[in-house]
Structures are given as structure tokens and as C-alpha cells.
Amino acid sequence: MPTVKTAVSIEESLFAEAEALAREMNTSRSRLFALALEEFVRSHRSRQIRERIDAAYAGAPDPAEQALQRRMRRQHKKIVEGEW
């Protein structure tokens, strides 16, 4: 996969921590930053999906869905009570 060079500015203390972690992981700073960014992007996408799902289920069921739920409950009750 092609790579792109970029320059970023970060706090000196964060840079020092990243440098130490890269050494500990036996990897380059570039690879460490790429891994961190990949994780951040994945987490952000997951959060967006979760928010969309939460929004979709936030409201009360519409009348048709409520009627379906009532029918399902009655049917389940019959099955559980052996009236099937």
C-alpha cells in the first residue's frame, strides 16, 4: 500500500512517551503513529455506528409495531402455557 509522509505537531512529553513505546514495541515511530491512528479511526467509526443504532431505537414503537408486539406476547404466552 502506498504511504504518504506527513508532519504533525505534538506535545514534547507525548513525543517522548511515543518514542519510548516505539522502542519497547521494537517498531518505528511512524508505525506506532499509524497503528494509533488506525485504532482511533476504527473507534470513531464504531461510535458513529452505535450512535446511529441508538437513534434508530430511541423512539417508542409505532402503532403497527406495538400491535405486532402484543400479538407476539399473546402467542408466546399460549406456547409457554401449553395452549399451542
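Preceding block: the structure.
Residues numbered from 1 in each chain as written. Predicted model: local features only at pLDDT ≥ 70, side-chain atom pairs only at ≥ 80, totals over all residues. Heavy atoms only, no water.

Visitor: Help me get a handle on the overall build of the protein, residues and values and all.
Guide: Across its full length, the protein carries 3 helices and 0 strands. Listing every helix and strand of the protein by position from the N terminus yields α-α-α. Based on the C-alpha atoms only, the size of the protein along its principal axes is roughly 70 × 30 × 25 Å. Sorting the 84 residues of the protein into buried and exposed places 4% on the buried side. Carbon and sulfur atoms make up 56% of the accessible area of the protein, which amounts to about 8100 Å² in all. (Helix = DSSP H or I, 4+ residues; strand = E, 2+ residues; numbered from the N terminus. Buried < 20%, exposed > 50% of the residue type's maximum accessible area, 1.4 Å probe, protein only. Areas by Shrake-Rupley, 256 points an atom, 1.4 Å probe, with all protein chains shown as cover.)

Visitor: Let's hear about the packing of helix α1 (residues 12-25) against helix α2 (residues 29-56): which residues, and what values?
Guide: A pair of packed helices is characterised by two quantities: the angle between their axes and the separation of those axes. Where α1 meets α2, the closest approach of the two axes is 9 Å, and the angle between their N-to-C directions is 105°. Relative to α2, the element α1 is oriented roughly perpendicular. Of the residues in α2, those in contact with Phe15, Ala18, Glu19, Leu21, Ala22 and Met25 of α1 are Arg29, Leu32, Phe33 and Leu35. In terms of residue class, the contact of α1 with α2 is built from 8 nonpolar, no polar and 2 charged. (Axes fitted to C-alpha atoms, helices over the stretch in contact; angles between N-to-C directions. Parallel < 35°, antiparallel > 145°, perpendicular 65-115°, else oblique. Contact = heavy atoms within 4.5 Å. Nonpolar A, V, L, I, M, F, W, Y, C, P; charged D, E, K, R; others polar.)

Visitor: Lay out the environment of Val8 in plain terms, naming residues and giving numbers.
Guide: Tracing the chain through its elements places Val8 in the segment before α1. In sequence terms Val8 and Glu81 are 73 residues apart; their C-alpha atoms lie 66 Å from each other.

Visitor: Explain a positive patch on the surface to me, and be specific about the residues and the numbers.
Guide: Together, Arg70, Arg71, Arg73, Arg74 and Lys78 make up a region of like positive charge exposed at the surface. By the secondary structure assignment, Arg71 is in helix α3 (residues 63-80). (Patch = residues over 30% accessible without salt bridge, like charges linked within 9 Å, V, L, I, M, F, W, Y side chains within 5 Å. Salt bridge = Lys/Arg side-chain N within 4 Å of Asp/Glu carboxyl O. Lys, Arg positive; Asp, Glu negative; His and termini not counted. Charge placed at Lys NZ, Arg CZ, Asp CG, Glu CD.)

Visitor: Account for unusual backbone geometry, with residues named and values stated.
Guide: Of note, the phi angle at Asn26 is positive, near 55°, even though the residue is not glycine. Mapped onto the fold, Asn26 is located in the loop between α1 and α2. Judged by its relative accessible area of 73%, Asn26 is exposed.

Visitor: Account for the pattern of salt bridges, naming residues and giving values.
Guide: Here the structure, examined in full by the defined rule, presents 4 salt bridges. Arg23 is the salt-bridge partner of Glu19, the closest N and O atoms lying 3.7 Å from each other. Pair noted here: Glu19 and Arg23 are both in helix α1, with a separation of 4 residues, about one helical turn. Three or more residues joined by partner-sharing salt bridges are found here, namely Glu19, Arg23 and Arg29.

Keep in mind these numbers describe shape, not what the thing actually does.
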